[in-house]
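Chain by chain, the residues:
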Amino acid sequence: MSDFNENVHQVSAEVERLISRHAPAAWSAGDRLAGLPLGDGGIGLDSLAMVDLLIACERTFQIQFSEEFLNRGTLTVSELIAEVARCREQVALPGRGPLEPPVGHARQQDGSSPG
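Computed from a prediction, not measured in an experiment: that's the story for all the values here.

## Structural notes on the pattern of salt bridges
Turning to step 1, where the next piece is worked out: Using the criterion set out here, one finds 3 salt bridges in the structure.
Turning to step 2, where the next piece is worked out: The closest approach of N and O atoms between R17 and E14, which form a salt bridge, is 2.4 Å. Taken as a pair, R17 and E14 lie in helix α1 (residues 3-22) at a separation of 3 residues, close to a single helical turn.
Turning to step 3, where the next piece is worked out: For R17, a relative accessible area of 28% translates into the label partly exposed.
Turning to step 4, where the next piece is worked out: Close ionic contact of E83 with R86 constitutes a salt bridge, the shortest N to O distance being 2.6 Å. Of this pair, E83 and R86 are both found in helix α4 (residues 77-91), 3 residues apart, which corresponds to roughly one turn of the helix.
Turning to step 5, where the next piece is worked out: Given the relative accessible area of 11%, E83 is considered buried.

Here you go:
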């Protein structure tokens with residue numbers, strides 16, 4: 001699997017986990033979420049939950065969404081995953097070092113999980 005595909009797979013799993021924490025109780029990680037809108041007619045996030053989710057993504061993946069992305073209106077799960085992956089790829093450009101695992105998923109030097 002290419003580095004980009006591995007990044008998308010890792011991002012997808014983590015974004016879906018974050019969505020399940022912010023979504024109404026009817027949704028959970030593992031549900032088929034990819035093409036659904038995050039708001040009405042899909043996951044059902046209200047505007048406050050959407051902002052919380054986007055902030056959680058920025059903090060978890062140590063990225064910053066562009067103003068253009070944040071102002072685009074309707075957003076699907078797939079579009080969010082693609083944008084997070086794109087932002088992470090920009091962070092991983094040559095000379096910037098390897099990508100760190102998402103916050104909360106770091107490994108200690110001995111391979112164990114912190115905490």
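Read on for the rest.
## Some words on α4
Along an α-helix, residues three or four positions apart point the same way, because every turn accommodates 3.6 residues.
Turning to step 1, where the next piece is worked out: Taking 1.5 Å per residue as the helical rise, α4 with its 15 residues ought to reach 21 Å, and the 21 Å between its terminal C-alpha atoms agrees with that figure.
Turning to step 2, where the next piece is worked out: Of the residues making up α4, those classed as buried are V77, L80, I81, E83, V84, A85, C87 and R88.

## Describing the nonpolar core
Turning to step 1, where the next piece is worked out: V15, I19, L38, F65, L80 and V84 are the most contacted members of the largest nonpolar core, which has 26 residues in total.
Turning to step 2, where the next piece is worked out: Listed by contribution, the elements that provide at least two residues to this core are α1, α2 (47-61) and α4.
Turning to step 3, where the next piece is worked out: Here this core takes 7 residues from α2, the largest share from any one element.
Turning to step 4, where the next piece is worked out: If near-sequence neighbours (up to four positions away) are discounted, F65 is found in contact with L54, C57, E58, L70, L80, E83, V84 and C87.

## Overview of the environment of A34
Turning to step 1, where the next piece is worked out: Its location among the elements puts A34 in the loop between α1 and α2.
Turning to step 2, where the next piece is worked out: Beyond its immediate chain neighbours, meaning those up to four positions away, A34 contacts T76, V77 and S78.

Thresholds, definitions, all that
Residues numbered from 1 in each chain as written. Predicted model: local features only at pLDDT ≥ 70, side-chain atom pairs only at ≥ 80, totals over all residues. Heavy atoms only, no water. Salt bridge = Lys/Arg side-chain N within 4 Å of Asp/Glu carboxyl O. Helix = DSSP H or I, 4+ residues; strand = E, 2+ residues; numbered from the N terminus. Buried < 20%, exposed > 50% of the residue type's maximum accessible area, 1.4 Å probe, protein only. Expected span 1.5 Å × (residues − 1). Core = buried A, V, L, I, M, F, W, Y, C linked by side-chain atoms within 4.5 Å. Contact = heavy atoms within 4.5 Å.

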